[in-house]
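Architecture at a glance
These are the residues of each chain, in order.
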Amino acid sequence: MSRRDMVVTGAAGAAGAGGPARAGAVPGEVVRVSGVSRTFGRGEHAVHAVRDVSFSADRGELVAVRGRSGAGKTTLLNIVGGLDRPNSGQVVVAGQEVTAAGEAELLRLRRGTVGFVFQTFGLVPILSAAENVGVPLRLAQVPAAEREQRVAVLLELVGLGGHAAQRPYELSGGQQQRVAVARALANEPDLLIADEPTGQLDSETGRSIMDLLRAVVHARGMTALVATHDPALIDLADRVLTLRDGRLVDE
């Protein structure tokens with residue numbers, strides 16, 4: 001087995017036994033969102049961030065979620081990833097009902113089933129690139145030798161094999177985001193959630209990150225939900241969902 005194949009097959013079961021209950025998984029389907037709504041505040045000051053949203057996404061599919069600022073993209077992705085709870089509706093990820101999960105179950109989900117990439121990179125400044133990528137593996141208590149090998153393969157995968165010892169401030173914005181992508185892939189998630197991952201990058205670098213995400217999703221049979229408002233990146237997605245005032249619309 002090659003080093004890259006080892007990463008592809010290595011940690012898919014990190015959520016392990018005791019995770020959220022299986023919820024009628026459909027073959028090939030990784031995400032199912034049914035009638036999800038999220039409101040912040042009450043009365044005349046209430047903000048309806050997400051309104052009755054339903055969709056599904058299959059394995060090996062990169063789905064772009066587009067919409068203007070305030071359309072509900074981040075709220076929707078946070079709900080799907082178990083970072084927020086809806087007021088109504090159901091979310092199922094890899095057969096696990098996220099909306100019915102307790103806090104311990106959600107923690108396992110976020111550590112094993114879902115990987116996150118954020119606009120602000122979210123790297124630990126005092127850690128090297130390799131150490132940042134290895135954080136999820138430490139939390140999963142992966143043995144040191146296996147952890148080091150997997151980190152090395154992941155950094156090669158994102159084109160940073162020669163930058164393992166560098167800290168975030170020694171890397172360009174694009175390189176930092178590549179480290180963040182490698183970290184998100186560390187525990188072999190079924191679902192990758194990326195919220196405006198190119199928002200702080202120039203157009204050329206942003207496209208290279210989107211190309212990387214698409215290549216990884218297709219090669220590893222993952223699913224990705226990527227929020228973006230950049231029309232230049234939309235054509236790289238397999239499918240596009242458009243949010244307007246919290247609702248999915250046809251365009």
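Summary of the structure given here. (Residues numbered from 1 in each chain as written. Predicted model: local features only at pLDDT ≥ 70, side-chain atom pairs only at ≥ 80, totals over all residues. Heavy atoms only, no water.)

Turning next to helix 4 (residues 129–139). Restricting attention to buried positions, one finds in helix 4 the residues Ala 129, Asn 132, Val 133, Gly 134, Pro 136 and Leu 137. Against helix 5 (144–157) and helix 6 (173–185) lie the buried residues of helix 4. Where helix 4 terminates, the next one or two residues include Gln 141, which has phi positive at roughly 60°. (Buried < 20%, exposed > 50% of the residue type's maximum accessible area, 1.4 Å probe, protein only. Helix = DSSP H or I, 4+ residues; strand = E, 2+ residues; numbered from the N terminus. Contact = heavy atoms within 4.5 Å.)

Now for the packing of helix 4 against helix 6. Close contact between helix 4 and helix 6 brings their axes to 7 Å; oriented N to C, the two are set at 30°. Our classification of the angle between helix 4 and helix 6 gives roughly parallel. The two elements helix 4 and helix 6 cross, and the hand of that crossing is right-handed. In contact with Ala 129, Asn 132, Val 133 and Pro 136 of helix 4, helix 6 contributes Val 179, Ala 182 and Arg 183. Looking at side-chain class alone, the contact of helix 4 with helix 6 contains five nonpolar, one polar and one charged residues. (Axes fitted to C-alpha atoms, helices over the stretch in contact; angles between N-to-C directions. Parallel < 35°, antiparallel > 145°, perpendicular 65-115°, else oblique. Left-handed = near helix turned anticlockwise from the far one by under 90°. Nonpolar A, V, L, I, M, F, W, Y, C, P; charged D, E, K, R; others polar.)

Within the secondary structure layout, Gln 176 lies in helix 6. Residue Gln 176 is classed as buried on the basis of its relative accessible area of 16%. For the pair Gln 176 and Thr 120, spaced 56 residues apart in sequence, the C-alpha to C-alpha distance is 9.4 Å. If near-sequence neighbours (up to four positions away) are discounted, Gln 176 is found in contact with Phe 121, Leu 123, Pro 168 and Leu 171.

Let us now look at unusual backbone geometry. Backbone geometry places Asp 52, a non-glycine residue, at a positive phi of 50°. On the secondary structure map, Asp 52 appears in strand 2 (residues 47–58). Even without being a glycine, Glu 196 presents a positive backbone phi close to 50°. Note that Glu 196 resides in the loop between strand 7 (191–195) and helix 7 (203–220). Classification of Glu 196 as buried rests on a relative accessible area of 9%.

Turning next to the pattern of salt bridges. Evaluated as defined, the whole model comprises 10 salt bridges. Among the salt bridges present, the one from Lys 73 reaches Glu 196, with a minimum N-O distance of 3.9 Å. Of the two residues, Lys 73 sits in helix 2 (residues 73–80) while Glu 196 sits in the loop between strand 7 and helix 7, which places them 123 residues apart along the sequence. Each of the two residues, Lys 73 as well as Glu 196, counts as buried. Across the pair Arg 207 and Asp 235 runs a salt bridge whose closest N-O atoms are separated by 3.7 Å. Taken together, the residues Arg 207 in helix 7 and Asp 235 in the loop between helix 8 (231–234) and strand 9 (239–244) connect sequence positions 28 residues apart. Judged by relative accessible area, which is 33%, Arg 207 ranks as partly exposed. Under the relative-accessibility criterion, Asp 235 is labelled exposed at 53%. (Salt bridge = Lys/Arg side-chain N within 4 Å of Asp/Glu carboxyl O.)

Moving on to the sheet that holds strand 1 (residues 29–40). An order of 2-1-4-5 is seen for the four strands of this open sheet, with the pairing classed as antiparallel. The two strands at the open ends of the sheet, each matched to only one other strand, are strand 2 and strand 5 (96–97). Strand direction decides the pairing type here: strand 1 and strand 4 (residues 88–93), joined by five bridges, are antiparallel. Bridge pairing in strand 4 links Val 33 to Val 91. Across the sheet, helix 2 touches strand 1, strand 2 and strand 4, and the angle it forms with strand 1 is around 125°. (Pairing = 2+ DSSP bridges.)

Moving on, we come to the sheet that holds strand 10 (residues 247–249). The mixed open sheet is built from six strands, whose spatial order is 6-7-8-3-9-10. With partners counted over all chains shown, the strands left at the sheet margins are strand 6 (114–118) and strand 10, one partner each. Each neighbouring strand pair of the sheet contributes to a mean axis angle of 25°, computed without reference to strand direction. Sheet strands in contact with helix 6 are strand 6 and strand 7, and its direction is about 170° off that of strand 6.

Turning our attention to the packing of helix 4 against helix 5. Here helix 4 crosses helix 5 at 130°, and the two axes come no closer than 9 Å. The angle between helix 4 and helix 5 places the two elements in the oblique class. Seen from above, helix 4 lies across helix 5 with right-handed handedness. Touching Ala 130, Val 133, Gly 134, Leu 137 and Arg 138 of helix 4 are Arg 147, Arg 150, Val 151, Leu 154 and Leu 155, all from helix 5. When the residues that make up the contact of helix 4 with helix 5 are grouped by side-chain class, the tally is six nonpolar, one polar and three charged.

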